[in-house]
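Architecture and fold: a report
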Amino acid sequence: VEGEPTPGMLPGGQLLSTTEVENFPGFPEGITGPELVERIRAQALRFGARAMGELVTAVDLARRPFRLTTSSGRVLATRTVVVATGARALWLGLPNEERLARAGGGVSACAVCDGALPAYRGATLAVVGGGDSAVEEALYLTRFAGEVVLIHRRGSLRASRIMADRLLAHPKVRVIWNARVTDVLGENVVAGLALEDTRTGERSTLSVAGLFVAIGHAPNTTFLRGQLALDAHGYV
């Protein structure tokens, strides 16, 4: 049951918003995220899997066979359920951000997936966030970028001390404190960012070739509440 298009998520998961994948075994020249998803899906179908383009909206795991209700109202009875719903990246919610992310125009939520692309080599790249994930993304991007600018809405990082110290000591990293991104500039590719100071409201622009959003993820597990044990963040 592979899902259906929803805001922020398509059947196939986060790989669909990834351009070049260079670290998956068996593809020495790299492969695009959408093509890799389609190949994996085709392989499953070849061996007899059947794909349903619906969402599971509710489950009953208290009795056997288990029952799954889909978005069309269909009820599936099954002896086994494999939960592989993954998570969705949290975005800033800016229209141009979402448009460029879908088009492969320089907005990403995965530095490991996209950071090595030729367009980013030697360029100035921005990372939004202040936790360990954002710091890790920024440090990874220093392998390819000429400069990495971390934009954080507060005056101190939420990341662990060792990660924060490593970031602040890196010669390729610059931090813009107390700032939020209000718009992503550029028609076909990212040209820059519009920023606003969270204390004074002062506005400015920053010229960058790419934007990496690292403000967290949300698991796709809402339909499992009350049926499986979830932690405070919604993960199984």
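Everything here concerns the structure above.
Parameters at a glance
Residues numbered from 1 in each chain as written. Predicted model: local features only at pLDDT ≥ 70, side-chain atom pairs only at ≥ 80, totals over all residues. Heavy atoms only, no water. Buried < 20%, exposed > 50% of the residue type's maximum accessible area, 1.4 Å probe, protein only. Helix = DSSP H or I, 4+ residues; strand = E, 2+ residues; numbered from the N terminus. Arc of directions from axis to C-beta. Contact = heavy atoms within 4.5 Å. Disulfide = S-S within 2.5 Å. Salt bridge = Lys/Arg side-chain N within 4 Å of Asp/Glu carboxyl O. Pairing = 2+ DSSP bridges. Axes fitted to C-alpha atoms, helices over the stretch in contact; angles between N-to-C directions. Phe/Tyr/Trp six-rings, centres within 6.5 Å; stacked < 30°, edge-to-face > 60°.

1. Describing helix H5 (residues 161-168)
- Turning to H5, its buried residues are Met-163, Ala-164 and Leu-167. Buried residues of H5 fall within an arc of 100° about the axis and therefore sit on the same side. Turned more than 90 degrees away from the buried face of H5 sit Arg-161 and Ile-162, all of them exposed.
- Looking at the buried positions of H5, the neighbouring elements they touch are helix H4 (132-141), strand S9 (147-151) and strand S10 (173-176).

2. Structural notes on the state of the cysteines
- Inspection of the entire model under this criterion finds one disulfide.
- Linked covalently through their sulfurs, Cys-110 and Cys-113 form a disulfide whose S-S length is 2.1 Å. Residues Cys-110 and Cys-113 are joined by a disulfide whose S-S torsion is about 70°; by sign, that bridge is right-handed.
- The partly exposed category is assigned to Cys-110, whose relative accessible area is 21%.
- Its relative accessible area of 21% is what places Cys-113 among the partly exposed residues.

3. Concerning the pattern of salt bridges
- The full count for this structure, using the stated rule, is nine salt bridges.
- Put simply, Arg-174 and Glu-147 hold a salt bridge, and the shortest N to O gap is 2.9 Å. Of this pair, Arg-174 sits in strand S10 while Glu-147 sits in strand S9, and the two are 27 residues apart along the sequence.
- Residue Arg-174 is classed as partly exposed on the basis of its relative accessible area, which comes to 35%.
- The class of Glu-147 is partly exposed, set by a relative accessible area of 24%.
- Residues joined in a network through salt bridges with shared partners are Arg-180, Glu-196 and Arg-203.

4. Notes on the sheet that holds strand S12 (residues 192-197)
- Strand order in the open sheet made by the three strands is S11-S12-S13, with antiparallel pairing throughout. The open sheet terminates on both sides in strands that have one partner only, identified here as strand S11 (179-185) and strand S13 (203-207). Shown here is a sheet whose adjacent strand axes are inclined to one another by a mean of 30°, direction ignored.
- By the bridge criterion, six bridges tie S11 to S12 in an arrangement that is antiparallel. Residue Val-181 lies in a different strand from S12, and its bridge partner there is Leu-195.

5. Some details on the packing of aromatic side chains
- All told, the structure shown has three aromatic pairs when counted by the stated rule.
- Taken together, a centroid distance of 5.4 Å and an interplanar angle of 65° make the contact between Tyr-120 and Phe-212 edge-to-face. Taken as a pair, Tyr-120 in the loop between helix H3 (111-114) and strand S8 (124-128) and Phe-212 in strand S14 (residues 210-213) lie far apart in primary sequence, 92 residues in all.
- Arranged with centres 5.4 Å apart and planes meeting at 65°, the rings of Tyr-140 and Phe-144 form a pair that is edge-to-face. One exposure class covers both Tyr-140 and Phe-144, and it is buried.

6. A short note on the pairing of S12
- With respect to burial, S12 is a largely interior element, six of its six residues being buried.
- Side chains Gly-192, Ala-194 and Glu-196 project from S12 onto one buried face, and the interleaved Leu-193, Leu-195 and Asp-197 project onto a second face that is buried too.
- Two successive antiparallel strands, S11 and S12, enclose a turn made up of six residues, where Gly-186 displays a positive phi of approximately 130°.
- Of the pairings in the sheet, the one linking S12 to S13 comprises five bridges and is antiparallel in character. Counterpart to Gly-192 in the pairing with S13 is Ser-207.
- In this antiparallel pair of consecutive strands, S12 and S13, the connection spans five residues, and Gly-201 shows a positive phi of 80°.

7. A closer look at unusual backbone geometry
- Geometrically, the link from Arg-64 to Pro-65 is a cis peptide bond, its omega value of -5° lying close to zero.
- Relative to the elements of secondary structure, Pro-65 occurs in the loop between strand S3 (56-60) and strand S4 (66-70).
- If you check the backbone angles, Asn-178 has positive phi at about 50° while not being a glycine.
- Checked against the element boundaries, Asn-178 lands in the loop between S10 and S11.

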